[in-house]
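Overview (structure and organization)
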Amino acid sequence: MAEESWGRVADDGTVFVRTKDGERAVGQWPDANPEEALAFYTRRYDALEFEVDLLEKRVQAGTVSPDDARAAVKKVTSSIDEAQAVGDLDGLRARLDSLTPLVAQQRERKKAERAAKVEEAREAKTKIATEAETIAAGTDWRHGVTRLRELLDEWKALPRLDKSSDDELWHRFSSARTTYTRHRKQHFAELSSKRDEAAVVKERLAAEAEGLAASTDWGPTSGRFRDLMRQWKAAGPAPREVDDKLWARFRSAQDAFFGARDAIQAEENEEQVANLAAKEALLVEIEAILPVNDAKAARDQLRDLLDRWDAIGKVPRDSMRAIDSRLRTVEQAVKAAEDEVWNRSNPEARARAEATVKQLQALIADLEKQAAKAEAQGNTRKATEAREAIEARQAWLTQAQNALADFS
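Summary of the structure given here. (Residues numbered from 1 in each chain as written. Predicted model: local features only at pLDDT ≥ 70, side-chain atom pairs only at ≥ 80, totals over all residues. Heavy atoms only, no water.)

Section: the environment of D90
Inspection of the secondary structure assignment puts D90 in helix α3 (residues 89-137). When the C-alpha atoms of D90 and K20 are compared, they prove to be 7.0 Å apart, with 70 residues separating the residues in sequence. In this structure D90 touches T19 and K20, once residues within four positions along its chain are discounted. (Helix = DSSP H or I, 4+ residues; strand = E, 2+ residues; numbered from the N terminus. Contact = heavy atoms within 4.5 Å.)

Shown next, in the form of structure tokens:
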């Protein structure tokens, strides 16, 4: 009998492997020498050892899932228990057994990772549902629909939750999308209706504008065009193609009217510029009236000049205030001179002035008597009061006499 460390070959060619549980026959090779038989079954062990080495590396590197690792360990362990090989089978089994805690750790880690991903997915889906509900409550019809499509793609990319939670969040998300879609369709239906109404209004406005295009009533028609433009803007948009055609009609009528008006005004402006030069030259003559020495002559002269002024015609609006101001200065000076002449010749005013002088003279004479009497009686206080009153009224008398002299 030939023996080796992990096995032996019996005389009848039976090959045994040694394990902690004793010897176990793994095969028979009656025609070969013992060394060849052991070598054959040792090579089988080497293949098992290679498989264990490979499994260890995959498990330790984490390139195999815990479930697959556990199944592989079980499968390789079973093949070792029944292996027809000679070698340290107990060592291989121990190495496989040592992988079990590692696989368990990896299982727990994977479980925790899955739980974390599920929680992340729950938070993400909750956020998606909340954002969708916010969009559904708003009126962003242009960007909202695009964002809801993006949210749907984000939802599909997330892992499923437990059925109850997933269904609840999906119901919120789906309901928000449905609500938004319904409101959006309703909005555009109303918008379409309003555009049709706007088209009717703008058709009427364009027709009225075309009717006004040939008007020469510049002021009122200009105001009416401004009213039509306000109504046009207030009507809102019509369908694009219709709106463009109606606007072309409206604008064409507007341009025709204002073009004609501007041409006439340009001619008038040329005439008004010439009028301005004429009035400025005439102002030199008008201002030569000042200073006014003879009110009647100044009024007669100004009247003739004003007839010539009115005959010249209009001047540019931005120059009107300046020349009118110069003209009013002369008119006011002439009127002031006339007023002064009138005041000096007014019989009622003269009579009032004469009455005032006489009244003051009589009052002073009476005060003179009172003063003389008081002095004769030796009443100094009354005499002084009378003299002071006389002095004050004498000043009033002087003023009244000067006023009366103006009427001479």
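Section: the nonpolar core
Counting residues in each nonpolar core, the largest one holds 25 residues, and the members touching the most others are V15, L89 and L96. Among the elements that line this core, the one with the most residues is helix α1 (residues 34-61), at eight residues. The contacts of L89, once residues within four sequence positions are left out, are V17, R24, Y45, L48, I80 and A83. Judged by nonpolar contacts, the second largest core, of 17 residues, contains I135, V145, L148 and L169. (Core = buried A, V, L, I, M, F, W, Y, C linked by side-chain atoms within 4.5 Å. Buried < 20%, exposed > 50% of the residue type's maximum accessible area, 1.4 Å probe, protein only.)

Some words on the layout of surface pockets
Computed from the structure, the largest pocket encloses a volume of approximately 350 Å³. Lining the largest pocket, in full, are W218, Q265, E268, N269, Q272, K314, V315, P316, R317 and M320. Counting only elements with at least two residues in the lining of the largest pocket, the list comes to α7 (240-287) and α9 (317-345). With four residues, the top contributor of residues to the lining of the largest pocket is α7. Counted by class, the lining of the largest pocket contains four nonpolar, three polar and three charged residues. Taken as a whole, the second largest pocket holds about 150 Å³ of empty space. As for the second largest pocket, its lining consists of V145, L148, R149, L152, R177, Y180, T181, R184 and K185. Sorting the residues of the lining of the second largest pocket by element identifies α4 (144-157) and α5 (163-212) as the ones contributing at least two each. Residues of the lining of the second largest pocket, tallied by class, amount to four nonpolar, one polar and four charged. (1 Å grid on protein atoms, 1.4 Å probe; cavity = no way out; pocket = protein on both sides within 12 Å on 5 of 7 lines; lining within 4 Å. Points joined across faces, edges and corners; volume = space filled by probe spheres on them. Nonpolar A, V, L, I, M, F, W, Y, C, P; charged D, E, K, R; others polar.)

Quick look at the packing of aromatic side chains
Considering all chains together, one arrives at 13 aromatic pairs under this definition. Note on W170 and F173: the rings are 5.7 Å apart at their centroids and 70 degrees apart in plane angle, and the pair reads as edge-to-face. Pair noted here: W170 and F173 are both in helix α5, with a separation of three residues, about one helical turn. Relative accessible area serves as the criterion here: at 33%, W170 is assigned to the partly exposed category. For F173, a relative accessible area of 0% corresponds to the buried category. Clustering of aromatic rings is evident, with ring pairs tying together W218, F225, F257 and F258. Stacked on the ring of F173, the Lys or Arg R177 has its end atom at 5.6 Å from the ring centre. (Phe/Tyr/Trp six-rings, centres within 6.5 Å; stacked < 30°, edge-to-face > 60°. Lys NZ or Arg CZ within 6 Å of the ring centre and 35° of its normal.)

With respect to the packing of helix α6 (residues 218-235) against α7
Where α6 meets α7, the axes come as close as 11 Å, and the angle between the chain directions of the two elements is 155 degrees. Here α6 is positioned roughly antiparallel relative to α7, judged by the angle of their axes. The two elements α6 and α7 cross, and the hand of that crossing is left-handed. Residues W218, T221, S222, F225, L228, M229 and W232 of α6 form the contact with α7, whose participating residues are L246, W247, F250, A253, Q254, F257, F258, A260, R261 and I264. Split into classes, the residues belonging to the contact of α6 with α7 amount to 13 nonpolar, three polar and one charged. (Axes fitted to C-alpha atoms, helices over the stretch in contact; angles between N-to-C directions. Parallel < 35°, antiparallel > 145°, perpendicular 65-115°, else oblique. Left-handed = near helix turned anticlockwise from the far one by under 90°.)

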